[in-house]
Amino acid sequence: MINHRGPEFAALMEDVTQGLQWALRTGNDVLLFPASGTGGLEAAVVNTLSPGEKALFCTMGSFGNRWAAIGEAYGADVVRLEVPQGEPIDPEDVERILAAHPAITTVFVTHNETSTGVSNDLPAIAAVVKSRGKLLCVDSVSGAGCLPLETDALGIDVCVTGSQKGWMAPPGVAMIAVSAAAFERAQQATLPRFYFDFTKEKKYQDKRQTFTTPPVSVLYAIQEGLAIMREEGLEQVWQRHALVGRMVRDGIEAIGLKLLAAEGHRSDTVTAVHSPAQSPDELKDLLSHLRVRYGLVLAGGQDELQGRIFRIGHLGMIDETDVYQILCVLEQGLSDRGFRSRVGLAAPAAQAAARQGTPSAEPAPVA
Ligand SMILES: *Cc1c(COP(=O)(O)O)cnc(C)c1O
């Protein structure tokens, strides 16, 4: 490892923070904390709120619930807007709650709910929050770097992401874009904090250091991930995720499986699928078969969705070829376990989805 107070580290940090500003479309400081994404969520709470302060937490699944639980753990006056799993947040509900509770100072919302495969209409929600002059904190841990995200144009004050999701790096760094208004708020907010202190961290990062020892090796990986993204182009990265998302969903439906997320709000980074199995054990057996026999690792459901869904991650380093592999292997596994007798339905549907929106009849060939 290099000395994290030396010139090589300063250069690494400079490159990584500039790359993140580019990818998050922001001129704000991007603070780097040694932590998983949840550390970033906690940082957002403790730097923006004071004990008993009223804040709105919009939740549509496990990660939204986790953020609200952090607010409660620190003694904020938490107002929850909760929607059924698979549904997005309705901006009109946000408007209604903000009108009914003028004391709310801050709104917390998940961009992309990884537990349900739902993406929110962030521009519409941000417009409502900003028109009322509230501070806006966004969990884009599994959205940023993959889904269109305009941090500054939407007025997002605190935007949280994590190294192990779309950035193609190992876990270990929470990255947080913090607006001038959020830094100002942090000066007044009185929730206890020590490790996750925006003001203290900024003092170090202005000198291209971090307050505590950073995971230097993970920062090198983030730097490389950003270099890969820069080569491709940010909008091209977004388009690739849109393409891959469409292919996965159409392939899954062609197999006859049902998607959890409401139509029009389906995530391009993760797809949640209703279990075809009769019991949680049978689903577990299917997932284990796919992993052991074919090396395809799919996630189960979290919390109440455990045993009821499985999830396909398709973010970061993923392309069309991966999707064909995932779908064909999944079909084969379903057939092996007697859920389906026919195979070969998913690939043509995915191919048709890939052709949608491409100007030429053929999708671009893989290099
Ligand atoms: C992964 C993730 C997090 C953070 O999880 P960690 O395990 O703490 O990194 C937070 N929110 C969302 C939406 C996520 O997908």
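Cut-offs used in this document
- Residues numbered from 1 in each chain as written.
- Predicted model: local features only at pLDDT ≥ 70, side-chain atom pairs only at ≥ 80, totals over all residues.
- Heavy atoms only, no water.
- Domains from an automatic or database assignment.
- Contact = heavy atoms within 4.5 Å.
- Buried area = accessible area lost by both parts, 1.4 Å probe.
- Salt bridge = Lys/Arg side-chain N within 4 Å of Asp/Glu carboxyl O.
- Near = heavy atom within 4 Å.
- Polar contact = N/O pair within 3.5 Å; in protein donor to acceptor, adjacent residues only side chain to side chain.
- Areas by Shrake-Rupley, 256 points an atom, 1.4 Å probe, with all protein chains shown as cover.
- Helix = DSSP H or I, 4+ residues; strand = E, 2+ residues; numbered from the N terminus.
- Nonpolar A, V, L, I, M, F, W, Y, C, P; charged D, E, K, R; others polar.
- Core = buried A, V, L, I, M, F, W, Y, C linked by side-chain atoms within 4.5 Å.
- Buried < 20%, exposed > 50% of the residue type's maximum accessible area, 1.4 Å probe, protein only.
- Phe/Tyr/Trp six-rings, centres within 6.5 Å; stacked < 30°, edge-to-face > 60°.
- Pairing = 2+ DSSP bridges.
- Axes fitted to C-alpha atoms, helices over the stretch in contact; angles between N-to-C directions.

Draft legend 1. Fine view of the domain arrangement of the protein. Taken domain by domain, the protein holds domain 1 (7-232) and domain 2 (235-355). Each of domain 1 and domain 2 has a C-alpha centre, and the two are 28 Å apart. Taken together, the 27 residues of domain 1 in the interface contact 25 residues of domain 2. Summing the contributions of domain 1 and of domain 2, the shared interface buries around 2,200 Å²; its carbon and sulfur component is 57%. Among the residues of domain 1 in contact with domain 2, Gln85, Cys146 and Glu232 are the three that bury the most area, contributing 25% of the side total. If you look at where domain 1 meets domain 2, you find 2 salt bridges. As a salt-bridge pair, Arg240 and Glu232 come within 2.8 Å of each other at their nearest N and O atoms.

Draft legend 2. The site of the ligand, seen in detail. Neighbouring the ligand are Ser36, Gly37, Thr38, Phe63, Arg66, Asn112, Thr114, Asp139, Val141, Ser142, Gln164 and Lys165. At a separation of 2.8 Å, an oxygen atom of the ligand approaches a polar backbone atom of Gly37. Side-chain polar atom of Lys165 to an oxygen atom of the ligand: 2.7 Å apart, as the coordinates give it. For the ligand, the protein covers 88% of the area, taking 380 Å² as the surface of the free molecule. When contributions to the shell around the ligand are tallied by element, the ones reaching two or more residues are helix H2 (37-48) and helix H3 (62-73). When grouped by side-chain class, the residues that make up the shell around the ligand number 2 nonpolar, 7 polar and 3 charged.

Draft legend 3. Summary view of the nonpolar core. Within the largest apolar cluster, 50 residues are counted, with the highest numbers of intra-cluster contacts made by Leu32, Leu56, Val94, Trp167 and Ile222. Broken down by element, this core gets its largest block of residues, 7 residues, from helix H1 (residues 7-24). Two domains share this core, each providing at least three of its residues, namely domain 1 (7-232) and domain 2 (235-355). Sequence-distant contacts of Leu32, that is, excluding residues within four places in its chain, are made with Met13, Val16, Thr17, Leu20, Val173, Ala174, Met175, Glu201, Gln205, Thr210 and Leu219.

Draft legend 4. Focus on the packing of aromatic side chains. The tally for this structure, following the rule as stated, stands at 8 aromatic pairs. When the ring of Trp67 is compared with that of Phe108, the centres are 5.0 Å apart and the planes differ by 80°; the resulting orientation is edge-to-face. Of this pair, Trp67 sits in helix H3 while Phe108 sits in strand E4 (residues 106-110), and the two are 41 residues apart along the sequence. Summarising the burial analysis for this pair, Trp67 and Phe108 share the class buried. Centroid distance Tyr204 to Phe211: 5.5 Å. Interplanar angle 50°. Geometry classified as tilted. Put simply, the rings of Phe33, Phe183, Tyr195, Phe196 and Phe198 pair up and form one aromatic cluster.

Draft legend 5. How the structure looks around the sheet that holds strand E2 (residues 54-59). Strand order in the open sheet made by the 7 strands is E1-E9-E8-E7-E4-E2-E3, with mixed pairing throughout. Looking along the sheet, the strands with just one partner apiece sit at the ends: strand E1 (29-34) and strand E3 (77-82). Put simply, the sheet's adjacent strands are angled 20° from each other on average, direction ignored. Across 6 bridges, the pairing between E2 and E3 is parallel. Across the sheet, the residue bridging to Thr59 is Glu82, located in E3. Each of E2, E4, strand E7 (135-139), strand E8 (158-162) and strand E9 (173-178) is contacted by H2, which is oriented at about 160° to E8, the strand it contacts most. Helix H5 (residues 122-131) rests against E4 and E7 of the sheet, and its axis sits at about 155° to E7.

Draft legend 6. Representation of the pairing of E9 within the structure. Counting buried residues in E9 gives 6 out of 6 residues, a clear majority hidden from the surface. Neither face of E9 is open: one carries Val173, Met175 and Ala177, the other Ala174, Ile176 and Val178, and all of them are buried. As defined by bridge partners, E8 adjoins E9 across 5 bridges and the pair is classed as antiparallel. Counterpart to Val158 in the pairing with E9 is Val178.

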